[in-house]
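Coordinates in review
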Amino acid sequence: MLGLAARLAHSQRVANLIVTNVPGPQMPLYCLGAQMYEVYPVVPLSRNLTLNVAILSYCGQLHFGLIGDSESGRDLERLAGGIEDAVAELEVLASREV
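An account of the accompanying structure is given in this report.

What counts, and at which threshold
- Residues numbered from 1 in each chain as written.
- Predicted model: local features only at pLDDT ≥ 70, side-chain atom pairs only at ≥ 80, totals over all residues.
- Heavy atoms only, no water.
- Helix = DSSP H or I, 4+ residues; strand = E, 2+ residues; numbered from the N terminus.
- Pairing = 2+ DSSP bridges.
- Axes fitted to C-alpha atoms, helices over the stretch in contact; angles between N-to-C directions.
- Contact = heavy atoms within 4.5 Å.
- Patch = residues over 30% accessible without salt bridge, like charges linked within 9 Å, V, L, I, M, F, W, Y side chains within 5 Å.
- Areas by Shrake-Rupley, 256 points an atom, 1.4 Å probe, with all protein chains shown as cover.
- Salt bridge = Lys/Arg side-chain N within 4 Å of Asp/Glu carboxyl O.

Some thoughts on unusual backbone geometry
Even without being glycine, leucine 32 reaches a positive phi, approximately 55°. Of note, leucine 32 is situated in the loop between strand E2 (29-31) and strand E3 (34-36). Residues other than glycine seldom take positive phi values, yet cysteine 59 does so here, at roughly 55°. The residue cysteine 59 is located in the loop between strand E4 (51-58) and strand E5 (61-68) in this model.

Take a look at the structure:
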């Protein structure tokens, strides 16, 4: 799926942002007996893209991969902080009784 998103992003001409959400395995994966605990997706920049936000679920968690060019890359920490704040807010709202 990430490969398809990267190919589509490279062929487009009208957008400068890619956001992709790929469902990953919800059971632990292992390599040579070692368990993988986290997976961070990477979608490379191409042509006129300035920012890529990739989201991958794995074992009940969401992992975000943020990539920006030299201009937008300066604000990636701010974007990451905003994402963390928004997820925390969603957790609070989801835990409230209806």
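Some words on the sheet that holds E5
Judged by pairing direction, the sheet is mixed, and its three strands sit side by side in the order E1-E4-E5 without closing on themselves. Both outer strands of the open sheet, strand E1 (17-23) and E5, are each paired with one neighbouring strand and no more. Sheet twist, expressed as the mean angle between neighbouring strand axes with direction ignored, is 10°. As paired strands, E1 and E4 are joined by seven bridges and run parallel to one another. Pairing of valine 19 across the sheet is with valine 53, part of E4. Across the sheet, helix H2 (residues 76-95) touches E4 and E5, and the angle it forms with E5 is around 160°.

Side note on a nonpolar patch on the surface
Among the surface-exposed residues, Met27, Leu29 and Met36 lie close enough to one another that they form a single nonpolar patch of about 260 Å² accessible area. Tracing the chain through its elements places methionine 36 in strand E3.

By themselves, these are just geometric observations and shouldn't be taken as functional.
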